[in-house]
Amino acid sequence: MEEKLLDFIRDEFLEDPELEIDADTRLISAGIIDSFSLVSLQSYIEREFGKRIPAPRITAESFDTVRQMVQIIQQF
Amino acid sequence: MAFPEVLRRKYQDILQQIRQSGLHKQERIIHDKQGARIAVEYPFGSAGKELINMCSNNYLGLSSHPQVIKAAHQALDHRGYGLSSVRFICGTQDIHKELESHLSDFLGTEDSILFSSCFDANAAVFETLLDESAIMISDRLVHASIIDGMRLSRAAHDTYKHSDMQHLRQKLELHKDKETKIIITDGVFSMDGDIAPLAEIVELAEEYQALVFVDDSHATGFIGAKGRGSHEHCQVMGKIDLISTTFGKALGGASGGCISGRKELIDLLRQRARPYLFSNTLAPIITMTTLKVLDILAGSTQARDSLERKAAWWRQALIQAGFIVVAGESPIVPVMLYNAKLTQLFADELYKKKVFAVGFFFPVVPQAQARIRTQVSAAHSEEDLLFARDAFIEVAQKHDILGKTKAELLNMQV
Ligand SMILES: Cc1ncc(COP(=O)(O)O)c(C=O)c1O
């Protein structure tokens, strides 16, 4: 799941191909994913993993790294 | 006490954090009219200094143009200073209707509506026109006022990579079942100076039956052969459903803005847009003077032609010197230094050499994308631009920046 998320994020959000990200890279707080782009992450998770994460759970604090995302997705 | 000590301390802490993170902004005090050379006091309390101004939005040099100032004086005599009313009560003069109609002619649209600023216009448009059944698909680099405007709307939103048409197509495909789709972009992007690919955007919009919204604040008056904007440049006049723009930049630079586009959409904004209904009308002096500005621009392309030549020269001069410049065709020419600290230092040293240009870094632009943004004006003389170019080169030579790659600049220790 981690790898799939990372691949999606690289493809969907990274404008700068030289930037490297891993499961602990801060994404929202570092401005890599902006708040308006979270819907596309949400709909990817729904399509790929069949889980709908409620928007209030997707915040800069709780959904900032791929590691955190995996934890939350597993709760649903 | 209305402002208890704990609260005061809370705000002091926030301000302290801003200072510590190096994001504290200080205003430069100008003792002059806006122009190519201005007397600036900075830091506060220091002796004023005459600088070449490379950071204003006074693209056409109209902000202090004698003809514009004269028109403003006449406006005062003709229709007074203030109206003390919103448009619907007793704040609509003949000149307001005239300006709306002239804007529609100038931009090639069906109708237009005035706002106190383009920020207000962008804050009004998405909330008023879109409901839950709509999806807003915006470029990731749109202006802050559009972001705030989208936040106020009940419509869903998604984004596409900056000017990436393949990504936009994916997003339109993803959301194709939505009843209303609207593609949202700046015409000229204020931090990069590039022009949105409006011809391709319009084509996709037609294929997917989506509306198109363009903020042309950094284009109206000078982009396109007649200065009508980025839609003229991209040959899609008449095909943009909503255009927002400002009078606070090239068009005299005072303040005010508008939305221009499809008649029904403008009519609905007039009935329901909250910043239009609940905020004061545009001052007569701005309304009449903007009319005069449109008149000047419709009568002659001299100012925009001169701006185009100067901007092309400036861009080329920087590239020849060995700077990395974002490709584009507008008078916004960003000099990429990537490195935030280097950018700050560079701007400070330019200032010492009497050139006024501002450095931008995260969070205003993405990380590792720090830059000095320069803006050319028709008001610049050749000597002004030569002077500025030499200052850029001297500062760059001092720090051995010219000809360096992005990675080398990022790794420089400042
Ligand atoms: C792209 C863009 N849109 C809107 C605005 C806001 O315009 P105004 O100053 O009229 O509120 C600005 C400028 O500040 C801008 O750059």
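Residues numbered from 1 in each chain as written. Chains lettered and ligands numbered in written order. Predicted model: local features only at pLDDT ≥ 70, side-chain atom pairs only at ≥ 80, totals over all residues. Heavy atoms only, no water.

### What to know about helix α10 (residues 263-272) of chain B
Residues and elements named next belong to chain B.
Argument step 1. Within α10, the full set of buried residues consists of L265, I266, L269 and R270. The arc that holds every buried residue of α10, seen down its axis, measures 140 degrees, which confines them to one face. Exposed residues on α10 whose side chains face more than 90 degrees from its buried face are E264, Q271 and R272. (Buried < 20%, exposed > 50% of the residue type's maximum accessible area, 1.4 Å probe, protein only. Helix = DSSP H or I, 4+ residues; strand = E, 2+ residues; numbered from the N terminus. Arc of directions from axis to C-beta.)

### Some words on empty space enclosed by the protein
Residue and element names in this part refer to chain B.
Argument step 1. For the structure shown, the criterion picks out three cavities of 30 Å³ or more.
Argument step 2. When its volume is computed, the largest cavity comes out at roughly 70 Å³.
Argument step 3. Lining of the largest cavity is provided by R87, L114, F115, S116, P275, Y276, S279, N280, T281 and L282.
Argument step 4. Elements with a contribution of two residues or more to the lining of the largest cavity: β4 (111-115) and α11 (274-277).
Argument step 5. A per-class count over the lining of the largest cavity returns five nonpolar, four polar and one charged. (1 Å grid on protein atoms, 1.4 Å probe; cavity = no way out; pocket = protein on both sides within 12 Å on 5 of 7 lines; lining within 4 Å. Points joined across faces, edges and corners; volume = space filled by probe spheres on them. Nonpolar A, V, L, I, M, F, W, Y, C, P; charged D, E, K, R; others polar.)

### Some thoughts on the environment of T290(B)
Argument step 1. Along the chain, the position of T290(B) falls in helix α12 (residues 284-299).
Argument step 2. The spatial distance from the C-alpha of T290(B) to the C-alpha of F213(B) is 23 Å, given a sequence separation of 77 residues.

### What to know about the sheet that holds strand β7 (residues 180-186) of chain B
All names here are of chain B.
Argument step 1. Strand order in the open sheet formed by seven strands is β4-β10-β9-β8-β7-β5-β6, with mixed pairing between adjacent strands. Looking at strand neighbours, the two that pair on one side only are β4 and β6 (156-160), the edges of this open sheet. Strand-to-strand twist in this sheet, taken as the mean axis angle between neighbours without regard to direction, amounts to 20 degrees. (Pairing = 2+ DSSP bridges. Axes fitted to C-alpha atoms, helices over the stretch in contact; angles between N-to-C directions.)

### Things to note about a nonpolar patch on the surface
Argument step 1. On the surface, a cluster of nonpolar side chains totalling about 640 Å² of accessible area is made up of F3(B), V6(B), L7(B), Y11(B), I14(B), L15(B), I18(B) and L23(B).
Argument step 2. Tracing the sequence through the fold places L15(B) in helix α1 (residues 5-20). (Patch = residues over 30% accessible without salt bridge, like charges linked within 9 Å, V, L, I, M, F, W, Y side chains within 5 Å. Areas by Shrake-Rupley, 256 points an atom, 1.4 Å probe, with all protein chains shown as cover. Salt bridge = Lys/Arg side-chain N within 4 Å of Asp/Glu carboxyl O.)

### Examining the sheet that holds strand β14 (residues 358-360) of chain B
Residues and elements named next belong to chain B.
Argument step 1. Pairing in this open sheet of four strands is antiparallel, and the strands run β11-β12-β15-β14 from one edge to the other. Each having just a single partner strand, β11 (324-325) and β14 make up the two edges of the open sheet.
Argument step 2. With three bridges joining them, β14 and strand β15 (residues 370-375) adopt antiparallel strand pairing. Its bridge partner being in β15, V358 is matched across the sheet by R373.
Argument step 3. Contacts from helix α14 (residues 340-352) reach β12 (332-338), β14 and β15 within the one sheet, and its direction differs from that of β15 by about 35 degrees. (Contact = heavy atoms within 4.5 Å.)

### A closer look at the interface of chain B and chain A
Argument step 1. In this assembly, 16 residues from chain B lie in contact with 18 residues from chain A.
Argument step 2. Both sides together, the interface formed by chain B and chain A hides about 1,300 Å², and carbon and sulfur atoms give 47% of it.
Argument step 3. The largest contributions to the chain B side of the interface with chain A come from R140(B), H157(B) and K161(B), which together make up 36% of the buried area.
Argument step 4. The interface formed by chain B and chain A holds two salt bridges in total.
Argument step 5. If you look at where chain B meets chain A, you find four residue pairs in polar contact (both at pLDDT 80 or more).
Argument step 6. Elements represented by at least two residues in the side of chain B that touches chain A include exactly α6 (144-151), β6 and α7 (165-174) of chain B.
Argument step 7. Among the residues forming the side of chain B that touches chain A, the class breakdown is four nonpolar, six polar and six charged. (Buried area = accessible area lost by both parts, 1.4 Å probe. Polar contact = N/O pair within 3.5 Å; in protein donor to acceptor, adjacent residues only side chain to side chain.)

### With respect to the site of the ligand
Residue and element names in this part refer to chain B.
Argument step 1. Around the ligand, 13 residues are found, and the nearest of them are C118, D215, H218, T246 and K249.
Argument step 2. Separating a nitrogen atom of the ligand from a side-chain N or O atom of S217 is a distance of 3.4 Å.
Argument step 3. Protein chains shield 81% of the accessible area of the ligand, which is 390 Å² for the free molecule.
Argument step 4. Per element, the largest residue contribution to the shell around the ligand is three residues, and it comes from helix α5 (residues 118-129).
Argument step 5. Its residues assigned to classes, the shell around the ligand shows two nonpolar, eight polar and three charged. (Near = heavy atom within 4 Å.)

### As for the environment of L265(B)
Residue and element names in this part refer to chain B.
Argument step 1. Locating L265 in the fold gives a position in helix α10.
Argument step 2. Taking C-alpha positions, L265 is 9.1 Å from V125, a pair spaced 140 residues apart along the chain.
Argument step 3. Setting aside anything within four residues of it in sequence, one finds L265 in contact with L129, D241 and L242.

### What about the domain arrangement of chain B?
Residue and element names in this part refer to chain B.
Argument step 1. Here chain B is described as being made up of domain 1 (29-58 + 302-410) and domain 2 (66-299).
Argument step 2. Roughly 1,400 Å² of surface becomes buried between domain 1 and domain 2 when both sides are summed, with 59% attributable to carbon and sulfur atoms.
Argument step 3. In this assembly, domain 1 and domain 2 are joined by one salt bridge.
Argument step 4. Taking the shortest distance from any N to any O, the salt bridge between R371 and D192 comes out at 3.2 Å.
Argument step 5. Linking domain 1 with domain 2 are seven residue pairs in polar contact (both at pLDDT 80 or more), by the criterion used here.
Argument step 6. Elements with a minimum of two residues in the side of domain 1 that touches domain 2: α13 (302-321), β12 and β15.
Argument step 7. With three residues, the single largest contributor to the side of domain 1 that touches domain 2 is β15.
Argument step 8. Taken together, the residues of the side of domain 1 that touches domain 2 break down into nine nonpolar, five polar and five charged. (Domains from an automatic or database assignment.)

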